[in-house]
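Given next are the chains, with one letter for each unit.
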Amino acid sequence: MAEKIKISQQKPFESQFSKKDSKEVFFVKTESPNQNSHWHDYFEIDFVISGEVTQIINGAETKAEKGAVFLMLPDNSHQTKTESNSVVYSLLFGEDVLSERLLDQMVMGESGGSFRCTLYEADVAFLKPVFERIESENQNKKANHNEIVNSLVNVIVGMLLRNSSAHTESDKKHLVVRRAMAFIKKNYASNPSLLDVANFVHMEASYFSVFFKEKAGISFKRYLNEIKLESAAKKLKTTATPIIDVCYSSGFESLSNFHRKFKEKYGVTPKEFRDGIK
C-alpha cells in the first residue's frame, strides 16, 4: 500500500519544501533511483536523462527510457524502480506555481490522473537545459529567480500536456477523485455536503462516499476537515485575522467545533498555534 510521505520520513529537500513559500520549486538529480510506493501533497515531474526506469503510477506500470517524462499529481501513488544505470531529473512544486489554465487541464479536465510522454531528440535537447537552468537559478538565487523558475516549470508542463499519451482506467478513476478534491479545495469555505460533491462528479452519493474513501484512502468528511484545518492554519500563520473570523472563513460552523478539531490535529489551540510562530 502506498504511504503518504511525512515530514519525519522526508529527505532534506522534501522537508524544506513543506516549509517554503507556495511558489518554491525544488530540483533533484537522482542516479539509479529506487523508491517505495508513496504519495505526497505536491506535484512531481520526473525526466529520464539516461538509462531505463520503471514507473508505477496508481498501480499502472510503465518502462521508460531516455526522454520519458512523467508528471505525478498530488495524491497519485507512485514508485520508481531502476532497470539499469540511470539518471533522473525531478522537480517538486505546489499548485501555485502553475497557471490557472494548466492547472485546470490537469485536475479538472478529461486527460486523466497522471501524465507521461516520450520526447523526440529535439525536445530532449531543448528540455534538458531547461531543467538545468532551474537548478542553476535555485542555486544562485539572483533577482527574480522564483519568477523565472515558475515560468520554466509552466513551459515544461505545457509541453508535457501537449505530448502526453492516453491514460489507463486506473487513471480515469483517480481523475474522478482529483476532480472531487479540486471541487472541495475550491468550495471548502461554504462547507459543501457529500451530495454537493457527488453531484459535481455525477455519482450517486452513497456510492461516491465508498468510492472516494477507497481511492483517496480517506473519508470525504475527514478530507474536507483536513482542507478546512490547513486553510485555518495558513491564515493563522500569515495574517492577523481574528480567530473567530478564521474559524468561519475556513468553513467551520461553530467556534467550539473549530477549537476541538484544530487541537486534535495540531495539539494546540488556534491561539497557542499563532503565538508559537511569532
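Residues numbered from 1 in each chain as written. Predicted model: local features only at pLDDT ≥ 70, side-chain atom pairs only at ≥ 80, totals over all residues. Heavy atoms only, no water.

Undergrad: Any details on the overall build of the chain? Residues and values, ideally.
TA: Within the chain, the regular secondary structure consists of 11 helices and 10 strands. Counting only residues that meet the buried cut, the chain has 48% of its 278 residues in that class. In the chain, 72% of the contacts between residues at least 6 apart in sequence involve partners at least 24 apart. When the accessible area of the chain is evaluated, it comes to approximately 14400 Å², of which 50% is carbon and sulfur surface. (Helix = DSSP H or I, 4+ residues; strand = E, 2+ residues; numbered from the N terminus. Buried < 20%, exposed > 50% of the residue type's maximum accessible area, 1.4 Å probe, protein only. Contact = heavy atoms within 4.5 Å. Areas by Shrake-Rupley, 256 points an atom, 1.4 Å probe, with all protein chains shown as cover.)

Undergrad: Give me the lowdown on the pattern of salt bridges, citing residues and values where you can.
TA: According to the stated counting rule, one finds 6 salt bridges in the structure shown. In this structure, Glu226 and Lys265 form a salt bridge, with 2.7 Å as the shortest nitrogen-oxygen distance. Of the two residues, Glu226 sits in helix H8 (residues 220–238) while Lys265 sits in helix H10 (residues 255–266), which places them 39 residues apart along the sequence. Here Lys271 ties to Asp275 by a salt bridge, and the two come within 2.8 Å at their closest N and O atoms. Taken together, the positions of Lys271 and Asp275, both in helix H11 (residues 270–276) and 4 residues apart, correspond to about one turn of that helix. (Salt bridge = Lys/Arg side-chain N within 4 Å of Asp/Glu carboxyl O.)

Undergrad: I'd like a description of the environment of Asn76, backed by residues and values.
TA: By the secondary structure assignment, Asn76 is in the loop between strand E7 (68–72) and strand E8 (78–82). For Asn76, a relative accessible area of 1% translates into the label buried. Separated by 32 residues in sequence, Asn76 and Glu44 place their C-alpha atoms 9.7 Å apart.

Undergrad: For helix H3 (residues 121–140), give the residues involved together with the corresponding values.
TA: In an α-helix, one full turn covers 3.6 residues, which means residues spaced three or four apart are oriented alike. In this model, H3 (20 residues) spans 29 Å end to end at C-alpha, consistent with the 28 Å of a helix rising 1.5 Å per residue. Residues Val124, Leu127, Val130, Phe131, Ile134, Glu137 and Asn138 constitute the buried set of H3. Taken down its axis, H3 places every buried residue within 155° of arc, on the same side. Exposed side chains of H3 directed beyond 90 degrees from the buried face belong to Glu121, Ala122, Ala125 and Gln139. Elements in contact with the buried residues of H3: strand E2 (25–31), strand E4 (43–50), E7, strand E9 (87–93) and helix H4 (145–163). Residue Lys141 follows H3 closely and has a positive phi angle near 50°. (Expected span 1.5 Å × (residues − 1). Arc of directions from axis to C-beta.)

Undergrad: Quick one: what's the story with H4, residue by residue and with numbers?
TA: The terminal C-alpha atoms of H4 lie 27 Å apart, and with 19 residues this matches the ideal 27 Å at 1.5 Å per residue to within 8%. Here H4 has its buried residues at His145, Asn146, Val149, Asn150, Leu152, Val153, Asn154, Ile156, Val157, Met159, Leu160 and Leu161.

Undergrad: Got a sec to walk through the confidence of the model for the chain? Specific residues and values, please.
TA: Looking at the chain, the pLDDT average stands at 82 and 84% of residues meet or exceed 70. The lowest-confidence element of the chain is strand E1 (residues 3–4), averaging 43 in pLDDT; the highest-confidence one is helix H9 (residues 243–249), averaging 96. (pLDDT = per-residue confidence, 0-100.)

Undergrad: Describe the side chain of Ser250, naming the residues involved and giving the relevant values.
TA: Along the chain, Ser250 turns up in the loop between H9 and H10. Relative accessible area serves as the criterion here: at 0%, Ser250 is assigned to the buried category. Leaving out residues up to four positions away in the same chain, Ser250 has contacts with Tyr188, Ala189, Lys228, Ser231, Ala232 and Lys235.

Undergrad: Before we move on, could you go through the packing of aromatic side chains and cite the residues and values that matter?
TA: For any pair of aromatic rings, the description rests on two quantities: the centre-to-centre distance and the angle between the ring planes. Taken as a whole and assessed by the stated rule, the structure comprises 13 aromatic pairs. An aromatic cluster of three or more residues is present, and its members are Phe252, Phe258, Phe262, Tyr266 and Phe273. Residue placement shows Lys228 over the ring face of Phe252; its charged tip is 5.4 Å from the ring centre. The positively charged end of Lys265 is found above the aromatic ring belonging to Tyr266, 5.4 Å away from the centroid. (Phe/Tyr/Trp six-rings, centres within 6.5 Å; stacked < 30°, edge-to-face > 60°. Lys NZ or Arg CZ within 6 Å of the ring centre and 35° of its normal.)

Undergrad: How would you summarise the packing of H3 against H4 if you had to cite specific residues and measurements?
TA: Contact geometry for H3 and H4: axes closest at 10 Å, N-to-C directions at 155°. With respect to H4, the element H3 is oriented roughly antiparallel. Crossing handedness for the pair H3 and H4: left-handed. Across the interface between the two elements, Asp123, Phe126, Leu127, Val130, Phe131, Arg133, Ile134, Glu137 and Asn138 of H3 pack against His145, Ile148, Val149, Leu152, Val153, Val155, Ile156 and Met159 of H4. (Axes fitted to C-alpha atoms, helices over the stretch in contact; angles between N-to-C directions. Parallel < 35°, antiparallel > 145°, perpendicular 65-115°, else oblique. Left-handed = near helix turned anticlockwise from the far one by under 90°.)

Undergrad: I'd like to hear about the nonpolar core, residue by residue, with values.
TA: Grouped together as the largest cluster of nonpolar side chains are 34 residues, with contacts concentrated most on Leu71, Leu91, Phe93, Met106, Val153 and Val157. Those elements giving two or more residues to this core turn out to be E2, E4, E7, E9, helix H2 (100–107), strand E10 (114–118), H3 and H4. In terms of residue count, H4 provides more of this core than any other element does, 8 residues in total. Counting residues in each nonpolar core, the second largest holds 21 residues, with Ile184, Ala198, Val201 and Phe211 among its members. (Core = buried A, V, L, I, M, F, W, Y, C linked by side-chain atoms within 4.5 Å.)

Undergrad: I'd love a proper account of the packing of H8 against H10, names of residues and values included.
TA: To describe two helices that pack against each other, one gives the angle between their axes and the distance between the axes. Across the interface, H8 lies against H10 with an axial gap of 11 Å and an inter-helix angle of 90°. Our classification of the angle between H8 and H10 gives roughly perpendicular. Here Asn225, Glu226, Leu229, Glu230, Ala232, Ala233 and Leu236 of H8 lie close against H10, whose contacting residues are Phe258, Lys261, Phe262, Lys265 and Tyr266.

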